[in-house]
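Breakdown of the fold
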Amino acid sequence: MEIVYGPVSSWRLGRSLGVDLICQKGKVCPFDCTYCSLGRTTELTTERRVFVPTERVARDLGEAMKKVEADVVTFSGTGEPTLSLNLGEAIKVAKEISGLPVAVLTNSSLMNREDVRRDLAQADVVVGELDAPNEEIFKRINRPYEEIRLADMIEGMKKFRAGFNGKFSLEVMCAPENKDFSKEIAAIARTIRPDEVQINAPLRSSPVRPLTPEELNAIKKDFKGMNARSVYETKKVEVKKVVGPRKLRQLKRPKARKAGR
Ligand code: SF4
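Residues numbered from 1 in each chain as written. Predicted model: local features only at pLDDT ≥ 70, side-chain atom pairs only at ≥ 80, totals over all residues. Heavy atoms only, no water.

1. Some points on the pairing of strand 1 (residues 4-10)
This is how it is decided: Residue burial is assigned from relative accessible area. The probe radius is 1.4 Å, only protein chains are included, and a residue is buried under 20% of its type maximum, exposed over 50%, and partly exposed in between. Going along the chain from the N terminus, every DSSP run of H or I of four or more residues is numbered as a helix, and every run of E of two or more is numbered as a strand. Should DSSP find at least two bridges between two strands, the strands are regarded as paired.
Across the 7 residues of strand 1, 7 count as buried, placing the element largely inside the fold. Direction of pairing for strand 1 relative to strand 2 (residues 14-20): antiparallel, over a ladder of 5 bridges. Paired with S9 across the strands is R15, a residue of strand 2. In sequence, strand 1 turns back onto strand 2 through a hairpin of 3 residues.

2. Thoughts on the sheet that holds strand 8 (residues 167-173)
Under the convention used in this document: Here, axes are lines fitted to C-alpha atoms. For helices the fit covers the stretch in contact, and angles between N-to-C directions go from 0 to 180 degrees.
The strand order 1-2-5-6-7-8-9-10 describes an open sheet built from 8 strands, whose pairing is mixed. What marks the edges here is a single partner per strand, and that holds for strand 1 and strand 10 (228-230). On average, each strand axis in the sheet is inclined to that of its neighbour by 25°, with strand direction left out of account. Bridging between strand 9 (residues 196-200) and strand 10 involves 3 bridges; their strand directions are parallel. If you follow I199 over to strand 10, its bridge partner there is S230.

3. Comments concerning the nonpolar core
Put simply, the rule reads: Residues belong to a common nonpolar core when they are buried Ala, Val, Leu, Ile, Met, Phe, Trp, Tyr or Cys residues joined through side-chain atoms within 4.5 Å. Two residues qualify as a contact provided that any one of their heavy atoms is within 4.5 Å of a heavy atom in the partner residue.
Counting 73 residues, the largest nonpolar core has F75, L130 and F223 as its most contacted members. Non-local contacts of F75, meaning those with residues more than four positions away in its chain, are made with V19, L21, P81, L87, A90, I91, A94, V102, A103, V104 and L105. Counting 6 residues, the second largest nonpolar core, distinct from the first, contains L13, A103, L105 and V127.

4. Notes on the site of the ligand
Applied cut-off: Whether a residue is near a molecule or strand depends on its heavy atoms: if one lies within 4 Å, it is near. Three classes are used: nonpolar for Ala, Val, Leu, Ile, Met, Phe, Trp, Tyr, Cys and Pro, charged for Asp, Glu, Lys and Arg, and polar for all others, with Gly counted as polar.
As a structural note, the neighbourhood of the ligand is formed by K27, C29, F31, D32, C33, Y35, C36 and N107. Grouping the amino acids of the shell around the ligand by side-chain chemistry returns 5 nonpolar, 1 polar and 2 charged.

5. Remarks on the packing of aromatic side chains
We count it as follows: Two aromatic rings, drawn from Phe, Tyr or Trp (for Trp, its six-membered ring), form a pair once their centres lie within 6.5 Å of each other, and the interplanar angle then sorts them: stacked below 30 degrees, edge-to-face above 60, tilted otherwise.
Under the definition given, this model contains 3 aromatic pairs. When the ring of F31 is compared with that of F138, the centres are 5.5 Å apart and the planes differ by 75°; the resulting orientation is edge-to-face. Taken together, the positions of F31 in the loop between strand 3 (28-29) and strand 4 (43-44) and F138 in helix 4 (residues 135-142) put the pair 107 residues apart, joining distant regions of the chain. Each member of the pair, F31 as well as F138, carries the same accessibility label: buried. On the basis of an interplanar angle of 25° and a centroid distance of 4.6 Å, the ring pair of F160 and F164 is categorised as stacked. Both residues of the pair, F160 and F164, count as buried.

6. Brief notes about the packing of helix 1 (residues 54-65) against helix 2 (residues 87-98)
Worth spelling out the cut-off: Here the angle decides the label: under 35 degrees means roughly parallel, over 145 means roughly antiparallel, 65 to 115 means roughly perpendicular, and every other value means oblique. By definition, turning the near helix anticlockwise from the far helix through less than a right angle yields a left-handed crossing, and turning it clockwise yields a right-handed one.
For the pair helix 1 and helix 2, interaxial distance at closest approach is 10 Å and the crossing angle is 25°. One way to sum up the angle between helix 1 and helix 2 is to call them roughly parallel. In this structure, helix 1 meets helix 2 at a crossing whose hand is right-handed. Every residue of helix 2 that contacts helix 1 at T54, A58, L61, G62 and M65 is listed here: E89, A90, V93, A94, I97 and S98. Its residues placed into classes, the contact of helix 1 with helix 2 shows 7 nonpolar, 3 polar and 1 charged.

The following block contains the structure:
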């Protein structure tokens, strides 16, 4: 299985060379979001374990760096990267080998755990997730593992923000289930105090209809006073050569500028 893929043209990170620390046949995640482009979660779990040994990350990333040009190494892929017990170690190795900043895209589900916050703190950029204003909408849109509470996630993000020296962005994925709750979500986002809010829509092959630029613009207004930007406002960056073509197909990256992550 391919661990390293891309770079892809990411609207928020530039030329993003992906590392999939989960790398299973199906999707392993504490969530089963309605909008997920990867299909239904095959293993809904909160158990941290090593999926891909750090030595394999080092080897494959080293090989990829000889072939491609990138702006950032991003831990994302076929599930939730914070489920990887070796995330912190893999981030350190990725920095050494690539000489690039490292970003992690997380759904924030495990951010109330100290070991997870410690691992994430090794990164230069962390993008967390907040899609719901309350537990009811949270269950409806993110369909989490039963023990996960939105309130705990929010506390975890606040703690992480307070102790993190890098850039902490907050993604809000806007979908039919939460589009009428943007004021409430913005109020929570203010308490988390991210460096940036990314107003996103599921533009990759997703089972839900992506909101229009007009709908996203209206939502963005509720984040007034925060550093907010929408997926529709950003420009595509050019990517010349890629590695991991099978992984890229698995992740169903769109051909045009519709890159979600
Ligand atoms: S958190 Fe990400 S990978 Fe997990 S189900 Fe949601 S969209 Fe899919």
